[in-house]
Amino acid sequence: MAGADPQALKDTLLAAIGAASTPDALEAIRIEALGKKGELTQAMKSLGQLEGEARREMGQALNAVKDAVTHALESRRSDLAMAELNKRLEEEKVDVSLSHRPETQGVIHPLSRTLEEILAIFAEMGFVVAEGPDIESDYYNFTALNMPEDHPARQEHDTFYMTPNSEGMRKVLRTHTSPVQIRTMEKMKPPIRIIAPGRTYRSDHDATHSPMFHQCEGLVIGDGITMGHLKGCLIEFCRAFFDVDDLPVRFRPSYFPFTEPSAEVDIGCNRDGGGLTIGAGADWLEILGCGMVNPRVLEYCGIDPNAHQGFAFGMGLERLAMLKYGIPDLRPFYDSDLRWMRHYGFMPFDPPSVHLGL
Ligand code: PHE
């Protein structure tokens, strides 16, 4: 092949590459040119038959052809891949303008809506969502929350117990979301700022109690956290949630084994004329429990109470939903009655936002 014509070789190969319409065809050309027995490879091998200057010149020329061919192969390959992708995009188009089906109009349950609103407010304050299991160990639901075996507060929880295992250990359906506090403190180092919504269970059933209900827990742990932070955070929450800027909020001393001091939070309301309006008035409504995390609870979780402090709070979602949206009875919450849903439900395409008002 000493008489190879580099220019002609290059022209032929580039033309073939330009005409290749599939990756397979392109690969065949590559093998034909640059494979072991390829034209270009053979031409390069036969360089040895040339002498001196002629050999140098031919070598350079062939190298230039090789570069040009390699480059052309690459760019054709990416062109073909792009064309293939565009073809697929064209073919696999989804028509999002498909008209909706009026017969399947869904609505958001008031409980989901209430939770979304609560999360929107706390997310704005830098809280993140945490979760824990519905079926809890006695340790997380009670003991680590400073309610040891014979603590009287345990009785007040109307606990559902599971069948004991072979060692006599019985799990419980969590009676509150507070065990998520413990699970979080075991996993995360301070600073901690979590909000933990979920199902809770107590053996209680009437117009205002359901054996399954929902709570939302909050926990903040850090350096130098005080009751002032707790108050600021919860007053802000109440005013944002009920959308009343000057909503009166009061903290009434209370008792929870896992917080010290503890308080219950009331908001102002008015019962004049038989109705109920949230806002300044003669009456108060209790809406949540809170307090500074008991140092004993911090110790259970391996956090040094001298280095870190915090506050916690818990609220019932059903109660908040009923108060905000004027829903008089708790029971239909779980009846899946479409007439009730259409009356109290929310538009799915209108999610709550702190900026647009809740
Ligand atoms: N777990 C308490 C309850 O179920 C509420 C609460 C949570 C109180 C956190 C204080 C702190 O009533």
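Quick note: structure is the one above.
Let us look at the structure shown here. (Residues numbered from 1 in each chain as written. Predicted model: local features only at pLDDT ≥ 70, side-chain atom pairs only at ≥ 80, totals over all residues. Heavy atoms only, no water.)

Right, let's get into a nonpolar patch on the surface. Residues Met82, Leu85 and Leu89 make up a contiguous nonpolar surface patch of roughly 300 Å² in combined accessible area. Residue placement: Leu89 occurs in helix H4 (residues 52-91). (Patch = residues over 30% accessible without salt bridge, like charges linked within 9 Å, V, L, I, M, F, W, Y side chains within 5 Å. Areas by Shrake-Rupley, 256 points an atom, 1.4 Å probe, with all protein chains shown as cover. Salt bridge = Lys/Arg side-chain N within 4 Å of Asp/Glu carboxyl O. Helix = DSSP H or I, 4+ residues; strand = E, 2+ residues; numbered from the N terminus.)

Quick look at the layout of surface pockets now. In this structure, the largest pocket encloses a volume near 1200 Å³. In terms of lining, the largest pocket is formed by 45 residues, of which the most central are Arg202, Phe213, Gln215, Glu286 and Gly316. Mapped by element, the contributors of at least two residues to the lining of the largest pocket are strand E5 (212-222), strand E6 (249-256), strand E7 (259-270), strand E9 (283-293), strand E10 (309-316) and helix H10 (317-325). Residue composition of the lining of the largest pocket, grouped by class: 21 nonpolar, 15 polar and nine charged. A volume near 230 Å³ is recorded for the second largest pocket. A breakdown of the residues in the lining of the second largest pocket according to their chemical character gives two nonpolar, four polar and five charged. (1 Å grid on protein atoms, 1.4 Å probe; cavity = no way out; pocket = protein on both sides within 12 Å on 5 of 7 lines; lining within 4 Å. Points joined across faces, edges and corners; volume = space filled by probe spheres on them. Nonpolar A, V, L, I, M, F, W, Y, C, P; charged D, E, K, R; others polar.)

Taken together, 14 residues sit near the ligand, with His176, Ser178, Arg202, Gln215 and Glu217 positioned nearest. Within the side chain of Arg202, an N or O atom sits 3.1 Å from an oxygen atom of the ligand. Within the side chain of Gln215, a nitrogen or oxygen atom sits 3.0 Å from an oxygen atom of the ligand. Within the complex, the protein chains bury 90% of what would otherwise be the 330 Å² of accessible surface of the ligand. (Near = heavy atom within 4 Å. Polar contact = N/O pair within 3.5 Å; in protein donor to acceptor, adjacent residues only side chain to side chain.)

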